[in-house]
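This is what each chain is made of:
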Amino acid sequence: MPQVIDGKVISACIKEELKERVAVLKETRGMSVCLAVIQVGKDPASTVYVGNKKKACAYIGIDSLSYELPVETTQEELMRLIEELNHKEEVNGILVQLPLPDHIDENAVIRSIDPKKDVDGFHPQNVGALCIGQPGFVSCTPAGIIELLKRSGIEIAGKECVIIGRSNIVGKPMALLLLRENGTVTVTHSRTRNLKEVTRRADILVAAVGRPKMITREYVKEGAVVIDVGIHRNEAGKLCGDVDYEDVAPVCGAITPVPGGVGPMTIAMLMYNCVEAGIAGKVPGTDRKGNCL
Ligand code: NAD
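Remember, it's a predicted structure, so these values are computed and weren't measured experimentally.

### With respect to unusual backbone geometry
In step 1: Omega for the bond connecting Leu98 with Pro99 falls within 30 degrees of zero, at 0°, which places this linkage in the cis form.
In step 2: Its place among the elements puts Pro99 in the loop between β4 (93-96) and α4 (106-112).
In step 3: Residues other than glycine seldom take positive phi values, yet Asn182 does so here, at roughly 70°.
In step 4: Mapped onto the fold, Asn182 is located in the loop between α7 (171-180) and β6 (184-188).
In step 5: Phi angles above zero are rare outside glycine, and Asn194 is one such case at about 50°.
In step 6: In this structure, Asn194 sits in the loop between β6 and α8 (195-199).

So, in structure tokens, the structure goes:
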């Protein structure tokens, strides 16, 4: 059977390290870290995500400010709040929970966040920085996947890495991060021809396709490392990923389960970005790495 890459254990480890770092910053420099979380409307899934982020902040010792705005909030009102938070010195990170209601232009909102406080790593300046290998915040899910690989002793350099999906928050930054780690990267998508032929080349296969259990063993080379980014809930309320775990596990070398694989890493890396935002420029010899640990 394959090595099961345990995102629960690895994310818990990262949170412990961050808790320690935050405590030391408080003790030795009287510094605190603060994340502002903005939610517009009451989408139930968003409420759960926001609640989990606030819980993680409390656990690590990061202060969190919560802004729960009504669904009819205008774009101008939202951007005014962001502008205020951009100027508040005690606020280190700003997170706007997506998706936003249809009448609000998500891209304009993301652009209005100060890139130095953009702990989600979605601002074009941070995306551009990642592209040309400069410091900046990195999108949390792909950054978490790099941590999963590194902390599981899986080498990336020189490996054939194939990503299924080219979204701005997973597929594209994933490609750039694997490239930064010296992987040989192929990005596939809905218009890729002969998808199985391409994915079967992968030593490391990342599925971020958004289709439940689409990736069966025909897509996977024997012994490959399979990273499942997908999260889906079936009618019975049970979670599954983009990968058909039972079918793929017997033929691959390592695999992330759903739940308990990539999912927990996203919040851990968000917390990491918050701590980096908190210390940026304030502690000599440190800079906003927004990188992997
Ligand atoms: P998305 O819908 O934005 O992108 C999906 C991508 O898959 C697209 O680029 C599309 O071209 C490609 N695609 C669709 N059908 C395909 C097909 N038949 N063959 C090949 N490619 C195909 O999705 P996303 O935001 O990147 O998310 C992907 C999955 O990851 C979703 O299930 C989402 O819920 C999950 N997700 C999980 C986390 C986490 O924290 N674990 C974070 C973000 C997203």
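### Observations concerning the nonpolar core
In step 1: By size, the foremost hydrophobic cluster in this structure holds 51 residues, and its most contacted members are Leu35, Ile62, Leu149, Leu178, Val206 and Met271.
In step 2: At 10 residues, helix α10 (residues 263-279) tops the list of elements feeding residues into this core.
In step 3: Setting aside anything within four residues of it in sequence, one finds Met271 in contact with Leu18, Leu35, Lys53, Ala56, Cys57, Ile60 and Ile62.

### Side note on the pairing of strand β5 (residues 160-164)
In step 1: In terms of residue burial, β5 counts as a mostly covered element, since four of its five residues are buried.
In step 2: The parallel pair β5 and β6 is bridged by α7, and the resulting crossover is right-handed.
In step 3: Here β5 pairs with strand β7 (residues 204-207) via four bridges, running parallel. For Cys161, the partnering residue across the bridge sits in β7 and is Ile204.

### Comments concerning the domain arrangement of the protein chain
In step 1: Parsing the protein chain into structural domains produces domain 1 (30-120) and domain 2 (140-262).
In step 2: Of note, the centres of domain 1 and domain 2, computed from C-alpha atoms alone, are 29 Å apart.

### A short note on helix α5 (residues 124-131)
In step 1: Asn126, Ala129 and Leu130 are the residues of α5 that are buried. One face of α5 carries all of its buried residues, which in axial projection span an arc of 100°.
In step 2: For α5, the elements touching its buried residues are α7.
In step 3: At the C-terminal side of α5, Gly133 shows a positive phi close to 70°.

### Notes on the site of the ligand
In step 1: Lining the immediate environment of the ligand, one finds 22 residues, of which Arg166, Ser167, Arg211, Val229 and Thr266 sit closest.
In step 2: At a separation of 3.4 Å, an oxygen atom of the ligand approaches a polar backbone atom of Val229.
In step 3: When the free accessible area of the ligand is taken as 860 Å², the share hidden by the protein chains comes to 72%.
In step 4: Residue composition of the shell around the ligand, grouped by class: nine nonpolar, 10 polar and three charged.

### Thoughts on the sheet that holds strand β3 (residues 63-69)
Think of a sheet as strands paired side by side through backbone hydrogen bonds, with each pair either parallel or antiparallel.
In step 1: An order of β3-β2-β4 is seen for the three strands of this open sheet, with the pairing classed as parallel. With one partner strand each, in any of the chains shown, β3 and β4 form the two edges of the open sheet. Averaged over all adjacent pairs, the angle separating strand axes in this sheet is 15°, with direction ignored.
In step 2: Of the strand pairs in this sheet, strand β2 (residues 34-40) and β4 are connected by four bridges, and their pairing is parallel.

### Thoughts on the packing of aromatic side chains
In step 1: Applying the stated criterion to the full structure yields zero aromatic pairs.
In step 2: Sitting over the ring of Tyr59, Lys19 keeps its end group 4.1 Å from the ring centre.

### Things to note about the sheet that holds β5
In step 1: A sheet is described by the order of its strands in space; here six strands give the open sequence β1-β11-β8-β7-β5-β6, paired in parallel fashion. The sheet is open, and its two borders are formed by β1 (3-4) and β6, each paired with just one other strand.
In step 2: By the bridge criterion, four bridges tie β7 to strand β8 (residues 225-228) in an arrangement that is parallel. Within the sheet, the bridge partner assigned to Val206 lies in β8 and is Ile227.
In step 3: The strands touched by α7 are β5, β6 and β7; relative to β5, the strand with the most contacts, the crossing angle is about 170°.

Conventions used here
Residues numbered from 1 in each chain as written. Predicted model: local features only at pLDDT ≥ 70, side-chain atom pairs only at ≥ 80, totals over all residues. Heavy atoms only, no water. Helix = DSSP H or I, 4+ residues; strand = E, 2+ residues; numbered from the N terminus. Core = buried A, V, L, I, M, F, W, Y, C linked by side-chain atoms within 4.5 Å. Buried < 20%, exposed > 50% of the residue type's maximum accessible area, 1.4 Å probe, protein only. Contact = heavy atoms within 4.5 Å. Right-handed = clockwise from strand over helix to strand, strands pointing away. Pairing = 2+ DSSP bridges. Domains from an automatic or database assignment. Arc of directions from axis to C-beta. Near = heavy atom within 4 Å. Polar contact = N/O pair within 3.5 Å; in protein donor to acceptor, adjacent residues only side chain to side chain. Areas by Shrake-Rupley, 256 points an atom, 1.4 Å probe, with all protein chains shown as cover. Nonpolar A, V, L, I, M, F, W, Y, C, P; charged D, E, K, R; others polar. Axes fitted to C-alpha atoms, helices over the stretch in contact; angles between N-to-C directions. Phe/Tyr/Trp six-rings, centres within 6.5 Å; stacked < 30°, edge-to-face > 60°. Lys NZ or Arg CZ within 6 Å of the ring centre and 35° of its normal.

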